[in-house]
Amino acid sequence: MGIYPASLEKLIEHFTRLPGIGQKSATRMALYILRSPTALAEELARSLMDVKEKIRFCSICCNLTDQDPCLICSSPNRHSETVCVVETPGDQMALEESGIYKGRYHVLHGVLAPLDGVGPEQLRIGELLRRFDPEGIREVILATNPTTEGEATASYLGKVIAQKNPAVRISRIALGVPMGGDLKYMDRMTLQHALKSRVAIGS
């Protein structure tokens, strides 16, 4: 039996299921909500339900959105001929916050990992390949993370895109992002340098 009332123990247990939240942090969060006005708990509950009910994938770039197409894909101020391919919505957000990129995105929702059963069919690669003709894409920037899986995914995409769309320029983010790094945790200057220093893949 826990030291707190059952309902509070249950809330703490739910918080510990969140990534990066241990028992102590979960307890502090639960006690804070308990001490706060009821309105805070109601707003938090509404926000949680809104996320589950309203958030979906953009039909164009596969990013998370509450409207379709998303704000970036529907913006007339974005360069529609350039698409930056990233692994996750978090990576897309990190690049967007750098303020240097003005094109559009495509979110793969993962990387190739054959040992884990993740192949091209499990990623949003088919959706990417279907975008070239309708959108008149002329350049693809491969911005997968500089990990073994990220590099393998970029290499695979480079080959597939070059075969199907030989006129499209394919580039890869380069300097500034260390091997084994994660785009979500890079600072703004690092991301700006990486995008400015991208290099072409293939001949």
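Anything mentioned here points back to the structure above.
Residues numbered from 1 in each chain as written. Predicted model: local features only at pLDDT ≥ 70, side-chain atom pairs only at ≥ 80, totals over all residues. Heavy atoms only, no water.

Novice: Can you walk me through the sheet that holds strand S7 (residues 199-200) in this structure?
Specialist: Hydrogen bonding along the main chain pairs the strands of a sheet, whether they run parallel or antiparallel. Strand order in the open sheet formed by five strands is S4-S3-S5-S6-S7, with mixed pairing between adjacent strands. Every other strand in the sheet has two partners, leaving strand S4 (103-107) and S7 as the edge strands with one partner each. In terms of strand pairing, strand S6 (residues 169-172) meets S7 through two bridges, oriented antiparallel. Looking across to S7, one finds that Arg172 is bridged to Val199. (Pairing = 2+ DSSP bridges. Helix = DSSP H or I, 4+ residues; strand = E, 2+ residues; numbered from the N terminus.)

Novice: Just to check I follow, could you spell out unusual backbone geometry for this structure?
Specialist: Excluding glycine, most residues fall at negative phi; most peptide bonds, likewise, are trans. Omega for the bond connecting Asp68 with Pro69 falls within 30 degrees of zero, at 0°, which places this linkage in the cis form. Within the secondary structure layout, Pro69 lies in the loop between strand S2 (64-65) and helix H4 (71-74). For His109, which is not a glycine, the phi torsion comes out positive at approximately 60°. Position of His109 relative to the elements: it lies in the loop between S4 and helix H6 (125-129).

Novice: Sorry if this is basic, but what is going on with the packing of helix H1 (residues 6-16) against helix H2 (residues 23-35) here?
Specialist: Angle between the axes and distance between the axes are the two parameters that describe a pair of packed helices. Viewed as axis vectors pointing N to C, H1 and H2 meet at an angle of 130°, and their least axial separation amounts to 8 Å. On the basis of their axis angle, the class for H1 and H2 is oblique. Two packed elements cross with a definite hand, and for H1 against H2 that hand is right-handed. Here Leu8, Leu11, Ile12, Phe15 and Thr16 of H1 come into contact with H2, specifically with Gln23, Ala26, Thr27, Met29, Ala30, Leu31, Ile33 and Leu34. Among the residues making up the contact of H1 with H2, the classes are represented as 10 nonpolar, three polar and no charged. (Axes fitted to C-alpha atoms, helices over the stretch in contact; angles between N-to-C directions. Parallel < 35°, antiparallel > 145°, perpendicular 65-115°, else oblique. Left-handed = near helix turned anticlockwise from the far one by under 90°. Contact = heavy atoms within 4.5 Å. Nonpolar A, V, L, I, M, F, W, Y, C, P; charged D, E, K, R; others polar.)

Novice: Before we go on, may I ask you to explain the pattern of salt bridges in this structure?
Specialist: When charged atoms on two side chains of opposite charge get close, those side chains can pair. As enumerated under the stated definition, the model contains 11 salt bridges in all. Glu13 serves as the salt-bridge partner of Arg17, at 2.9 Å between the closest nitrogen and oxygen. Linked by salt bridges that have partners in common, Asp91, Asp182 and Lys184 make up one network. (Salt bridge = Lys/Arg side-chain N within 4 Å of Asp/Glu carboxyl O.)

Novice: Explanation requested: the packing of helix H5 (residues 89-98) against helix H9 (residues 188-196) in the structure shown.
Specialist: Running from N to C, H5 and H9 cross one another at 90°; their axes reach a closest spacing of 9 Å. It follows that H5 is roughly perpendicular to H9 by the angle criterion. Between H5, through Ala94, Leu95, Glu97 and Ser98, and H9, the contact on the second element is made entirely by Arg188, Leu191, Gln192 and Leu195. Among the residues making up the contact of H5 with H9, the classes are represented as four nonpolar, two polar and two charged.

Novice: For this particular structure, what's the right way to read the packing of aromatic side chains?
Specialist: The way to describe two aromatic rings as a pair is by their centre distance and the angle between their planes. Here the structure, examined in full by the defined rule, presents one aromatic pair. Ring plane angle 65° and centroid distance 5.0 Å describe the contact between Tyr101 and Tyr105, whose orientation is recorded as edge-to-face. Take Tyr101: its relative accessible area is 7%, and that puts it in the buried class. (Phe/Tyr/Trp six-rings, centres within 6.5 Å; stacked < 30°, edge-to-face > 60°. Buried < 20%, exposed > 50% of the residue type's maximum accessible area, 1.4 Å probe, protein only.)

Novice: In this structure, what is going on with the nonpolar core? I would like to understand it.
Specialist: Generally speaking, a soluble globular protein has its nonpolar side chains buried in company with each other. Membership of the largest hydrophobic core comes to 21 residues, with the highest contact counts inside it found for Cys84, Leu95 and Ile173. Of all the elements in the fold, those that place two or more residues in this core are H4, strand S3 (79-86), H5, S4 and H9. The dominant element in this core, judged by the number of residues it contributes, is H9, at three residues. Once residues within four sequence positions are removed from consideration, Ile173 is found in contact with Ile141, Leu142, Ala143, Thr144, Leu183, Ala194, Leu195 and Arg198. Core analysis: the second largest hydrophobic core is formed by 16 residues, Leu123, Ile125, Leu142 and Ala154 among them. (Core = buried A, V, L, I, M, F, W, Y, C linked by side-chain atoms within 4.5 Å.)

Novice: Quick question: what am I supposed to make of the environment of Val83 here?
Specialist: When you line up the elements, Val83 lands in strand S3. Sequence separation between Val83 and Ile141 is 58 residues, and the spatial gap between their C-alpha atoms is 6.2 Å. Dropping the residues within four chain positions of it, Val83 is found in contact with Tyr101, Arg104, Tyr105, His106, Leu128, Arg131, Ile137, Glu139, Val140 and Ile141.

Novice: Just checking my understanding: could you explain the pairing of strand S5 (residues 139-142) for this structure?
Specialist: Burial of S5 is two-sided: the residues Glu139 and Ile141 facing one way and the residues Val140 and Leu142 facing the other way are all buried. Here S3 runs beside S5; their pairing, made up of four bridges, is parallel. If you follow Val83 over to S5, its bridge partner there is Val140. Taken together, the four bridges between S5 and S6 define a ladder with parallel strand orientation. Bridge pairing links Val140 to Ile170 in S6. With respect to chirality, the unit in which S5 leads through helix H8 (residues 148-164) into the neighbouring parallel S6 is right-handed. (Right-handed = clockwise from strand over helix to strand, strands pointing away.)

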